[in-house]
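A closer look at the structure
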Amino acid sequence: MTSSPWRIPLSRPQVDEEAVQEVASVLRSPILSIGPRLQAFEHAFARFIGSRYAIGVSSGTCGLHLAVKLLGLGPGAEAITTPFSFIASANCLLFENARPVFVDIDPDSFLLDLELVEEALTPRTRALLPVHVFGNVLDMARVMAIARLHGLAVIEDACEAVGAAWQGRRTGSWGDLGVFGFYPNKQMTTGEGGMVVTSREDFHLRLRGLRNQGRSLAGDGSFSELGYNYRMPEMAAALGAAQLKSLPAFLQERRRRERFYQQILSGLDELRVPPIPPERSPFVFIVQTREPALRDHLQAQLTERGIQSAVYFRPIHLEKFYRERFGYREGAFPRAEHAGQTCLAIPFYNQITEEEQRQVADAIRQGLAQWLNRSRAAVLSR
Ligand SMILES: *Cc1c(COP(=O)(O)O)cnc(C)c1O
C-alpha cells in the first residue's frame, strides 16, 4: 500500500484481485490497444446503460469534446449548461469555440434549474448540456421535452452519475449523447478513461472514426475528417469491464456509507446535510454550511486532523479565463456562487470504515463547536 499524506483521503478506488488479474492478462498478451478488451467493455457498458452503442475514449473530457464536435457546435453556437460543475463540462464547448450559456442552479439539488432554461434560449442555442452533479439526477424527461420543443440536441454529462436512473431509465441514455468518465475518484474507474453512449447509428459510426484520428471505417486507410487520438488502451478497458461487473456492489457499499453519514451528521444547526434521493448514484458526500467562512473553517479543521476534503465546485463562470472571455462577474449566478462558497466534499469511498466516518463527523462537530464558541465570545466582547 502506498502511503498517502492523508490519514483519511477524500476518495479511493477499489480494485479487487480479479480486476488486477484481468489487467495483468492484457499485459501478458501482444494487444495493448485496439483489441478485444475495449470491444467487450463497450458492449457490456452499452447493455448496462440501455443505449445501443458505447464508444470508449481516453477520458470523460475527450468524450465531451467528441460529442460537441460531432454535433457541429462551433463559433456562433450556444449551449445551455450549468456553472456549478466540474470545469470540463463547459470547457468542452470552448475547445470548439462554441459558447457555454450558463443558467443558475436549484439550491437544494445543486442541479441546473430547469425553470430558467427557456428564458436563456436565443436563436443561436443549439444544444442543452445538463450535468448530473454529485450523482444527483436531473429530471431528464423534462430536459428532453424542452429540447424537442425547441429543436435542440442534448449532451448528457453523466460523468458523476454512472448507475443512476430517472423514471427507470439510466442516466446517459436519455440524451442524444451521454458521456461518462472513469477517473479514480468516480464510482468506477479505468485510471483514465471515458465512454460516450448513443442509440443513433450515425453518431456511433462517426464517433468511432473521430476518436481514431478520423480514420475512415471503410478500412481503406483513408481519413474521412479531422480526428483525434482519444482511444482507450486495452489495460484500461479490462479494468473498466471488471469494475462494471462490481458496480452494483460498489453502489450498494456507497449507499450504506451515505446513509451512515447522514445519520451521524444529522441535527447540527449550522450544517445542512443534503437529502439523498433514491434515484441518485452516490458519487461524493457533501455537507453545506450557512456561512462561507464556516465552510473554510471546517476545511481547515479537517486538514489539521489529516482528513482530506475538497471544495466542489468553484463556479466555472468566475474562473479567470471565463471572466475575461465572457465578461462574467460575481453575482451573475448567485445560487451557484453560494453553493461554491458553502459546500464541502468529505471523505467518501466504497471501503471507508464506520470508524473513519465517525472520525470525520467528530472533526466536523468539534470544528462547529469551536466556531460557535468564537462567535459567542465575539458577541460578548462587543
Ligand atoms: C469527472 C467529470 C468529467 C470527466 O472527467 P475526466 O477526468 O476527463 O474523465 C466531466 N464532467 C464532470 C461533471 C465530471 O465530474
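Here is a short report on the structure shown in this document. (Residues numbered from 1 in each chain as written. Predicted model: local features only at pLDDT ≥ 70, side-chain atom pairs only at ≥ 80, totals over all residues. Heavy atoms only, no water.)

Our next topic: the side chain of Lys-186. In this structure, Lys-186 sits in the loop between β8 (177-181) and β9 (194-198). At 5.3 Å, Glu-160 is the nearest oppositely charged side chain to Lys-186, a buried residue that forms no salt bridge. Setting aside residues up to four positions removed in sequence, Lys-186 forms contacts with Cys-159, Gly-181 and Phe-283. (Helix = DSSP H or I, 4+ residues; strand = E, 2+ residues; numbered from the N terminus. Buried < 20%, exposed > 50% of the residue type's maximum accessible area, 1.4 Å probe, protein only. Lys, Arg positive; Asp, Glu negative; His and termini not counted. Salt bridge = Lys/Arg side-chain N within 4 Å of Asp/Glu carboxyl O. Contact = heavy atoms within 4.5 Å.)

Next up on the list: the sheet that holds strand β10 (residues 271-272). Overall, antiparallel pairing links the 3 strands, which are arranged β10-β11-β12 in an open sheet. Two strands lie at the open edges of the sheet, namely β10 and β12 (343-346), each paired on one side alone. Where helix α8 (residues 292-304) meets the sheet, its contacts fall on β10, β11 (285-289) and β12, and the angle it forms with β12 comes to roughly 20°. Each of β11 and β12 is contacted by helix α10 (residues 334-342), which is oriented at about 100° to β11, the strand it contacts most. (Pairing = 2+ DSSP bridges. Axes fitted to C-alpha atoms, helices over the stretch in contact; angles between N-to-C directions.)

A word on the site of the ligand. As a matter of local geometry, the ligand sits amid 14 residues, with Gly-60, Thr-61, Asp-157, Glu-160 and Lys-186 nearest to it. Contact distances for the ligand include 2.8 Å between an oxygen atom and a backbone N or O atom of Gly-60. In the environment of the ligand, an oxygen atom lies 3.2 Å from a nitrogen or oxygen atom belonging to the side chain of Lys-186. Contact with the protein chains hides 93% of the accessible area of the ligand, taken as 390 Å² for the molecule alone. (Near = heavy atom within 4 Å. Polar contact = N/O pair within 3.5 Å; in protein donor to acceptor, adjacent residues only side chain to side chain. Areas by Shrake-Rupley, 256 points an atom, 1.4 Å probe, with all protein chains shown as cover.)

Attention now moves to the pattern of salt bridges. Inspection of every chain in the model, using the stated rule, returns 18 salt bridges. A salt bridge links Arg-208 to Glu-42, with the shortest nitrogen-to-oxygen separation between them at 3.1 Å. Placement of Arg-208 in helix α6 (residues 201-210) and of Glu-42 in helix α2 (residues 36-49) is noted, with a sequence separation of 166 residues between them. We note a salt bridge from Arg-211 to Glu-42, for which the minimum N-O separation is 2.8 Å. Placement of the pair is Arg-211 in the loop between α6 and α7 (234-264) and Glu-42 in helix α2, with a sequence separation of 169 residues. One network of salt bridges, with partners in common, ties together Glu-42, Arg-208 and Arg-211.

What follows is about the packing of aromatic side chains. Evaluated as defined, the whole model comprises 20 aromatic pairs. Pairing Tyr-228 with Tyr-230 gives two aromatic rings, centres 5.0 Å apart and planes at 15°, and the pair type is stacked. Each member of the pair, Tyr-228 as well as Tyr-230, carries the same accessibility label: buried. Every member of this aromatic cluster is reached through a ring pair, and the members are Phe-102, Phe-321, Tyr-322, Phe-326, Tyr-328 and Phe-333. (Phe/Tyr/Trp six-rings, centres within 6.5 Å; stacked < 30°, edge-to-face > 60°.)

A few words on helix α4 (residues 88-95). With 7 of its 8 residues buried, α4 lies for the most part within the structure. When α4 is considered as a whole, its buried residues turn out to be Ala-88, Ser-89, Ala-90, Asn-91, Cys-92, Leu-93 and Leu-94. Looking at the buried residues of α4, the elements they touch are α3 (60-70), β2 (78-81), β3 (99-102), β4 (125-129), β5 (153-157) and α9 (320-326). Where α4 terminates, the next one or two residues include Asn-97, which has phi positive at roughly 60°.

What follows covers the pairing of β12. Of the two faces of β12, the one carrying Cys-343 and Ala-345 and the one carrying Leu-344 and Ile-346 are both buried. When β11 meets β12, the two strands line up antiparallel, connected through 4 bridges. From the neighbouring strand, Phe-285 faces β12, where its bridge partner is Ile-346.

Let's shift gears to the nonpolar core. Counting residues in hydrophobic clusters, the biggest one holds 78 residues, and the most contacted among them are Leu-73, Phe-84, Leu-128, Phe-134, Ile-155, Leu-177 and Tyr-312. Of the residues forming this core, the biggest block, 6 residues, is contributed by α3. Sequence-distant contacts of Ile-155, that is, excluding residues within four places in its chain, are made with Leu-64, Ala-67, Val-68, Leu-71, Leu-73, Leu-128, Leu-129, Pro-130, Leu-177 and Val-179. Counting residues in hydrophobic clusters, the runner-up holds 25 residues, among them Ile-8, Ile-264, Leu-298 and Leu-368. (Core = buried A, V, L, I, M, F, W, Y, C linked by side-chain atoms within 4.5 Å.)

With that settled, consider the packing of α2 against α7. Packed helices, taken two at a time, are described by the angle their axes make and the gap between the axes. Look at α2 against α7: their axes get within 8 Å of each other, and the N-to-C directions meet at 30°. One way to sum up the angle between α2 and α7 is to call them roughly parallel. Crossing geometry of α2 relative to α7 is assigned as left-handed. In contact with Pro-36, Arg-37, Leu-38, Phe-41, Ala-44, Phe-45 and Phe-48 of α2, α7 contributes Glu-234, Ala-237, Ala-238, Gly-240, Ala-241, Leu-244 and Leu-247. Residues belonging to the contact of α2 with α7 are distributed by class as follows: 11 nonpolar, 1 polar and 2 charged. (Parallel < 35°, antiparallel > 145°, perpendicular 65-115°, else oblique. Left-handed = near helix turned anticlockwise from the far one by under 90°. Nonpolar A, V, L, I, M, F, W, Y, C, P; charged D, E, K, R; others polar.)

Mapped onto the fold, Asp-139 is located in the loop between β4 and α5 (140-150). Asp-139 sits in the partly exposed class, given a relative accessible area of 26%. Residues Asp-139 and Leu-244, 105 residues apart in the sequence, show an inter-C-alpha distance of 25 Å. Setting aside chain neighbours within four positions, we find Asp-139 in contact with Leu-114 and Trp-166. A polar side-chain atom of Asp-139 sits 3.1 Å from a polar atom in the side chain of Trp-166.

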